[in-house]
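This is what each chain is made of:
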Amino acid sequence: CSLFDDGEEEAQLRHSADTFGAAVALLLRAGRRSETAALLRRQVLVYARLRRTHDVARSELSAVIINLAAGEYEQASIGCTKAEARPDGFAGTDEADLARRLLAAFAAQDADGLAAAVSDGTLAAVDNTVALLARDLTLASARVPAAYLAPPAR
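Let us look at the structure shown here.

Position of Arg41 relative to the elements: it lies in helix H2 (residues 33–49). Engagement of the side chain of Arg41 in a polar contact is seen with the side chain of Glu60, the distance being 3.4 Å. Residues within four places of Arg41 in sequence aside, it is in contact with Glu60, Ala63, Val64, Asn67, Gln75, Ala76, Gly79 and Cys80.

Rendered as structure tokens:
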């Protein structure tokens, strides 16, 4: 009986992941970026329970990109740090590395670093709309609070 319950729960989780995906697409099309990023981070919890580590990594990277596109550097940085601390499959991935490089480029106000990050092939893993948002990022896209700015190079 418990095997049946586990299978039923997994089916419900898969269905909820699909529902989250549709809601994310709708919010993104509506231009509600902050809400989209928050919903992606909730979707990550479903993917983690389903042990879909690639989807965890892809969703976390998408959330970072969307936060940056929404002008929310601090939220992107905090979300990325929390995601790397969880054992659900984000830390150590190419997606985590790209998220860190994007955040570092903003913190250092490094236009070349940003250009290199947004041309990374890892962006092929995210939704096309999110990849387009990433390619449209500029250093003016998100204001970086002084506490996050990298010290100037000497």
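Continuing now.
Turning our attention to the layout of surface pockets. By volume, the largest pocket amounts to about 270 Å³. Lining the largest pocket we find 14 residues, and of these Gly21, Val24, Leu40, Asp127 and Val130 sit closest to its centre. Going through the elements one at a time, helix H1 (2–29), H2, helix H3 (53–69) and helix H7 (128–135) are the ones with two or more residues in the lining of the largest pocket. Considered class by class, the residues forming the lining of the largest pocket number six nonpolar, five polar and three charged.

Rules behind the numbers
Residues numbered from 1 in each chain as written. Predicted model: local features only at pLDDT ≥ 70, side-chain atom pairs only at ≥ 80, totals over all residues. Heavy atoms only, no water. Helix = DSSP H or I, 4+ residues; strand = E, 2+ residues; numbered from the N terminus. Polar contact = N/O pair within 3.5 Å; in protein donor to acceptor, adjacent residues only side chain to side chain. Contact = heavy atoms within 4.5 Å. 1 Å grid on protein atoms, 1.4 Å probe; cavity = no way out; pocket = protein on both sides within 12 Å on 5 of 7 lines; lining within 4 Å. Points joined across faces, edges and corners; volume = space filled by probe spheres on them. Nonpolar A, V, L, I, M, F, W, Y, C, P; charged D, E, K, R; others polar.

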